[in-house]
Amino acid sequence: MKKIIEGKAYVLGNDIDTDQIIPAEHLVYSLSDPEERKNYGRYALSGVPAAGAGLPGGGQPFVKEGQTESEYRIIVGGRNFGCGSSREHAPACLEIAGIEAVVAESYARIFYRNSVDGGFFIPFETPAPLTEEIKTGDALRIDVDAGTLTHLPSGKIWTLKSLGEVIEIIQAGDIFEYARKTGMIPG
Amino acid sequence: MGMTITEKILAAHAGAATVKPGDNIWVDVDVLMTHDVCGPGTIGIFKKQFGEHAKVWDREKVVIIPDHFVFTADPHAKRNLEILRDFVSEQQLPYFYDAGTDNYKGVCHIALAQEGHNRPGEILFGTDSHTCTSGAFGMFSTGIGNTDAAFILGTGKLWVKVPETMRFEFKGTFPPYIMAKDILLQVIGDIGVDGATYRAMEWAGDAVMKFSMEERMTLCNMAIEAGGKSAIIEADQVTKDYVQKRTDKPFKVYHSDADAAYFLKKIYNADEMQPVVAKPHSPDNKALVSEVSDVKIDRSYIGSCTGGKVADFRAAAEIMQGRKVKVDTFIVPATREVEADLHKEKIGGKTLAEIFVEAGASLGEPSCAACLGGPKDTFGRTNDKEVVVSTTNRNFPGRMGSKQSQVYLASPYTAAASALTGRITDPREFLN
Ligand code: SF4
């Protein structure tokens, strides 16, 4: 697990559902084929209506046309991030596009669980809304152990909510590594 | 302190005498369901983690139901079905309802019920968020991702955080023009799309217990649209009659204790309920049908796990019999059994299917179809700026295909009445 996560922010609003994260027509590609899975990066967040794509201005595609990786590393979201279907393609596509952390006010539970159990990225919760304080493209730094988020342009620091018991799964890597460590499944 | 039904089921499956909300526990799983969209990914992770030759923990407890992308020429979608077939034959799984065979059923949540896989007191996980539908049978059921499903395939266990329960009680009797969908859209409108996040929604009250199993499934289906982890309705004679017709397996009925602790208890007067819709683009964007009756529509869609059961079509046919639709109207039975019923059940001497065809509606094959957009050639998929009134459960941007289309969620009564007039219409205009 990385201790410091640094990169540009991509800011989204409330209730970003899994159909916006990865529209259903793209759920057909293989996740295990190394070439084919890049399609998930290509179409990550392609269902977000233009007005909400990269706040505050909107109209900033998460992944540039023709590319499969995003220039952004950290997503800043509002309430109920990842609501909708149980498709694990949603957290997977964000990871494939290069996302290392999501910082949102709250999550839909299946998405949160998938992010942790699958070890795609760390879903942090913020005690206060940050979508108005951070602009798409701003440089951010997350100190995982300290549980803080720094807005590099202004130097402002926020304390993130504690990850609670799931930190053990995150530290292990995913639910399988966790189960091996604790002897639930043979190493 | 007493426990809710949900807490009792979870405790029993964790081997604990009691549990309380917030506890993280490991439970033994009774049924794992997966489908064509998430099955292949689940299988991939299972093999990677447990080995190429690993066997699933219990063949009898795995149910595979292709339903999402089964009537499309899309080559990737077809390959997903092949992956499921290979896995089923390698693992010798007895419950596989394969597409393109006589054994095909249709939408997983309805097929689970019809094939006897929903049993009171059990724990069912499924790789589909609407797995909460099965809670209508007095069981704990919830949606999970591929990783968790692969973990269950190998171990038969999963960790669960015990949810707090919210209780919604309806006293009295629902008026005849009110369907479960109206109730549910009302409640989601009241609490919001994240109003039940991490929690169980327990439906109760005389009015709810008068509902058929199908209407109860509609109520539980959309717990996820309020962010809920699960939904539950205590099993009663109606449940037992339904289940015993479809399986010989034993089951256990749990009841909530009178002194159980709830996060919230909300009591509604059933007699006062009114037909409602959810406006674009969120299931909690509630309006009374009477408030949006000037909205013109381009199509009406009646189908999906939440709105494509025979009770839904009986309601739609009641309104459409002897009349003609004014807009494109799509009828999509959830399963083969529902489809067969459309050709058997009659109103006024005509079968439901005849009523729909004579009204000018098109009938599709049982599947998820345009409920989730899907490949471009999907039946009923929106491809432009269509305004749709739909009995499905989600109206997020692009959910039914095109990001420009506008979807109003409504009951089958309202969807049928609107099909006849070309605008959003209160079913009372046609029901006497
Ligand atoms: S009918 Fe719609 S909501 Fe139901 S399982 Fe299929 S896609 Fe999901």
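Everything that follows concerns the structure shown earlier in this document.
Since the structure is predicted, the reported quantities are computational estimates derived from the model, not experimental observations.

Visitor: Explain the pattern of salt bridges to me, using residue names and the numbers behind them.
Guide: All names here are of chain A. For the structure shown, the criterion picks out 45 salt bridges over all chains. The salt bridge involving K38 is made with E35; its shortest N-O contact spans 3.0 Å. What makes K38 partly exposed here is its relative accessible area of 35%. Its relative accessible area of 55% is what places E35 among the exposed residues.

Visitor: An account of helix 3 (residues 75-91) of chain B is requested, with residue identities and associated values reported.
Guide: Residues and elements named next belong to chain B. Taking 1.5 Å per residue, 17 residues should reach 24 Å; helix 3 reaches 25 Å between its end C-alpha atoms and fits that length. At its buried positions, helix 3 is contacted by helix 2 (39-50), strand 3 (62-64), strand 4 (95-96) and helix 5 (146-155). Of the residues flanking the start of helix 3, the one acting as N-cap is D74, its side-chain oxygen 3.0 Å from the backbone nitrogen of H76. The first or second residue beyond helix 3 is Q92, which carries a positive phi of 55°.

Visitor: I'd like a description of the interface of chain A and chain B, backed by residues and values.
Guide: Between chain A and chain B, the contact holds 45 residues from the first and 48 residues from the second. Contact between chain A and chain B buries roughly 3,700 Å² in total, counting both sides, with carbon and sulfur atoms accounting for 56%. Connecting chain A to chain B are 5 salt bridges. Joining chain A to chain B, the criterion identifies 21 residue pairs in polar contact (both at pLDDT 80 or more). The set of elements that each furnish at least two residues to the side of chain A that touches chain B consists of helix 1 (18-21), helix 4 (109-117) and helix 6 (175-181) of chain A. Sort the elements by how many residues they give to the side of chain A that touches chain B and helix 4 of chain A lands first, with 6 residues. Residues belonging to the side of chain A that touches chain B are distributed by class as follows: 19 nonpolar, 12 polar and 14 charged.

Rules used in this analysis
Residues numbered from 1 in each chain as written. Chains lettered and ligands numbered in written order. Predicted model: local features only at pLDDT ≥ 70, side-chain atom pairs only at ≥ 80, totals over all residues. Heavy atoms only, no water. Salt bridge = Lys/Arg side-chain N within 4 Å of Asp/Glu carboxyl O. Buried < 20%, exposed > 50% of the residue type's maximum accessible area, 1.4 Å probe, protein only. Helix = DSSP H or I, 4+ residues; strand = E, 2+ residues; numbered from the N terminus. Expected span 1.5 Å × (residues − 1). Contact = heavy atoms within 4.5 Å. Polar contact = N/O pair within 3.5 Å; in protein donor to acceptor, adjacent residues only side chain to side chain. Buried area = accessible area lost by both parts, 1.4 Å probe. Nonpolar A, V, L, I, M, F, W, Y, C, P; charged D, E, K, R; others polar.

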